[in-house]
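Understanding the architecture of this molecule
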Amino acid sequence: MNSIEALVRPNIRTLSPYSTARDEAKGTPDIFLDANESPYPGLLGYNRYPDPRQKVLKARVSALKGLPTENIFLGNGSDEAIDLVYRIFCTPGRDNALAIEPSYGMYSVAADINDVELRPVPLGAGFSLPVEEIFAKADDRTKLLFLCSPNNPSGNAFEPSQILELVRRFPGIVVLDEAYADFSARGSLRAAVLEQPNLVVLQTFSKAYGMAGLRVGLAFASAYIIDLMNRVKYPYNLSQATQELALKALETTPEANIREIVFQRERLFKALSSFSFVRKVYPSDANFLLVKVDKADDLYEVLLQGGIIVRNRSRVPGCSGCLRITVGTPAENDRLLQILQSYA
Ligand code: PMP
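Every chain begins its residue count from 1, and numbering advances along the sequence as written. Note on the predicted model: pLDDT of at least 70 is required for a residue's local features to be given, and 80 or more for side-chain atom pairs to be given and counted; whole-chain, interface and lining totals, by contrast, use all residues. Note: side-chain values were computed over all heavy atoms of the structure, leaving out hydrogens and water.

1. Some words on the overall build of the chain
Regarding its fold elements, the chain presents 13 helices and 11 strands. All radius of gyration figures rest on C-alpha atoms, and the globule criterion is 2.2 Å times the number of residues raised to 0.38. Over its C-alpha atoms the chain spans a radius of gyration of 22 Å, differing by no more than 12% from the 20 Å that the globule rule assigns to 344 residues. C-alpha extents for the chain along the principal axes are approximately 70 × 55 × 35 Å. Any residue under 20% of the maximum accessible area for its type is buried, any over 50% is exposed, and the rest in between are partly exposed; the area is computed with a 1.4 Å probe on protein chains only. Going through the 344 residues of the chain one by one, you find that 49% of them count as buried. Between two residues, a contact is recorded if the distance between any of their heavy atoms is within 4.5 Å. Here the contacts in the chain between residues at least 6 apart in sequence split such that 67% fall between residues at least 24 apart. By element, 53% of the accessible surface of the chain is carried by carbon and sulfur atoms, the whole surface being about 16600 Å². All tallies of charge rest on Lys and Arg as positive and Asp and Glu as negative; His and the ends of each chain are not included. A single reference atom marks each charge: NZ on Lys, CZ on Arg, CG on Asp, CD on Glu. The chain carries 38 positive and 39 negative side-chain charges, and their two centres are separated by 1 Å. The helix and strand labels rest on DSSP assignments: H or I over at least four residues marks a helix, E over at least two residues marks a strand, and numbering proceeds from the N terminus. Values of accessible area rely on a 1.4 Å probe in the Shrake-Rupley scheme; residue burial ignores everything except the protein chains shown.

Next comes the structure, spelled out in structure tokens:
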């Protein structure tokens, strides 16, 4: 058994996955009496189960992302992939995981759901990567480390060479969440999964690609880990409608929208920094800004009264006094600044 196999839960290592009749059949049948579906297409034409391996969509994603399909998992949002790595690697009540703090809340919720101890590792000064603290908190039951770059909610991306050094030294699986990488000049480390057997990179079509309502998340990893994810996932985790609509959406590229969002981010960064009640706007490589203000709860309410909802992060460790504001359209950002102007 190699060192990655040894990290996998024993019951998952030996799992026989659910197999559909269509997986097992050979030839090219054209009458499908195997899956107890309705033979009638109805109004929408979704009477048949979707392709459990999402072959057509995955081939498109493979071309887009420059990695073989055997290194790609598609999930019901990247939230599905977060839950799956816990289920694959962590024995409930026994193993533990590490995550930088502050970071995306689902790492800890998914840990709780799976009865896995999550050990937060506070980011260093300026939201820097706490490399030595990570190793100090790991023990022989630590299976996972969650990193997020650019990080939610701090907005900063970490140095790629620092992340890769961590991946090389860490004795468990490193899950690098790149949900916001499309907005960052630092780009993606997904190609590193071909060399690093303990690296899982997460991305999503929910942010830059504008498909949050469709629920399509991506994971990149070694063929061995991707095979485990495919075995453990629900067989039909992406609906037929999702697969078709995602394919259609990928006929256009998000580049122009990304450029506009990055432009608006820099505009908001400057404008927000000028208000007297703003103590700090943190530099961002993502599509949001973390803003430290004098009275976060008060300002949150004022914005809500004005019809704008932002994320109040002021009770999150390391973010006291902070609101997280997503970059909107130019008109939405104008409204935000108008309200702030009259609040000042
Ligand atoms: N990772 C991060 C860092 C996020 O902020 C989010 C969503 N807010 C997700 C993952 C989940 O994205 P998805 O819509 O793909 O489930």
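Having seen it, we continue.
2. Considering a nonpolar patch on the surface
Patches were defined on residues exceeding 30% relative accessible area and lacking a salt bridge, with like-charge contacts within 9 Å and nonpolar side-chain contacts (Val, Leu, Ile, Met, Phe, Trp, Tyr) within 5 Å. When a carboxyl oxygen of Asp or Glu is within 4 Å of a side-chain nitrogen of Lys or Arg, the pair counts as a salt bridge. The grouping of Leu 43, Leu 44 and Tyr 46 at the surface amounts to a nonpolar patch, some 410 Å² of accessible area in total. Mapped onto the secondary structure, Tyr 46 falls in the loop between α3 (21–24) and α4 (55–65).

3. Concerning the packing of aromatic side chains
Centres within 6.5 Å are what make two rings of Phe, Tyr or Trp a pair, Trp counting through its six-membered ring; a difference in plane orientation under 30 degrees is then read as stacked, over 60 as edge-to-face, and the rest as tilted. Inspection of the entire model under this criterion finds 10 aromatic pairs. When the ring of Tyr 49 is compared with that of Tyr 236, the centres are 4.5 Å apart and the planes differ by 20 degrees; the resulting orientation is stacked. Here Tyr 236 lies in the loop between α9 (223–232) and α10 (240–249) and Tyr 49 lies in the loop between α3 and α4, a separation of 187 residues in the sequence. On the basis of relative accessibility, which here comes to 41%, the residue Tyr 49 falls in the partly exposed class. Joined through ring pairs, the aromatic side chains of Tyr 86, Tyr 104, Tyr 107 and Phe 146 make up one cluster.

4. A closer look at the site of the ligand
Near the ligand you find 13 residues, and of these Ser 78, Asp 177, Tyr 180, Thr 204 and Ser 206 are the closest. Whenever two N or O atoms come within 3.5 Å, that pair is a polar contact, provided that in protein one can donate a hydrogen and the other can accept it, and provided that, for residues adjacent in sequence, both atoms are side-chain atoms. Separating an oxygen atom of the ligand from a side-chain N or O atom of Asn 152 is a distance of 2.9 Å. With respect to the ligand, the side chain of Ser 206 contributes an N or O atom lying 2.6 Å from an oxygen atom. Coverage of the ligand by the protein chains reaches 91% of its 400 Å² of free accessible surface. Split into classes, the residues belonging to the shell around the ligand amount to 4 nonpolar, 5 polar and 4 charged. Proximity criterion: a residue is near a molecule or strand once any of its heavy atoms comes within 4 Å of it. In this classification, the charged set is Asp, Glu, Lys and Arg, the nonpolar set is Ala, Val, Leu, Ile, Met, Phe, Trp, Tyr, Cys and Pro, and all remaining amino acids, among them Gly, are polar.

5. Here's the deal with the pattern of salt bridges
Using the criterion set out here, one finds 17 salt bridges in the structure. Salt bridges here are not isolated pairs; linked through shared partners, they connect Arg 94, Asp 95 and Lys 143.

6. Remarks on helix α5 (residues 78–89)
Multiplying 1.5 Å by the residue count of a helix minus one yields the expected span of that helix. Along its 12 residues, α5 runs 17 Å from first to last C-alpha, staying within 8% of the 16 Å computed at 1.5 Å per residue. Of all 12 residues that make up α5, 9 are buried, and the element is covered over most of its length. Among the residues making up α5, those that are buried are Ser 78, Glu 80, Ala 81, Ile 82, Leu 84, Val 85, Tyr 86, Ile 88 and Phe 89.

7. Overview of the sheet that holds strand β8 (residues 278–281)
Sheet strands pair via backbone hydrogen bonds, and the direction of the pair is either parallel or antiparallel. Pairing within the open sheet is antiparallel, and its 4 strands lie in the order β8-β9-β11-β10. Edge positions in the open sheet fall to β8 and β10 (311–312), since each of these has one partner strand only. Strands pair, by our definition, only if DSSP identifies at least two bridges between them.

8. A few points about empty space enclosed by the protein
Space inside and on the surface of the protein is sampled on a 1 Å grid over the protein atoms alone, with a cavity defined as a set of points where a 1.4 Å probe fits but cannot get out and a pocket as an open set with protein on both sides within 12 Å along at least 5 of 7 lines; lining residues have an atom within 4 Å of a point. Grid points are joined across faces, edges and corners, and a volume is the space filled by probe spheres set on the points. Following the criterion strictly, the structure yields 1 cavity of 30 Å³ or more and no others. Put simply, the largest cavity is a space of about 80 Å³. Looking at the largest cavity, it is lined by 13 residues, and the ones nearest its centre are Ser 149, Phe 158, Ile 163, Glu 178 and Gly 187. Considering only residue class, the lining of the largest cavity consists of 8 nonpolar, 3 polar and 2 charged.

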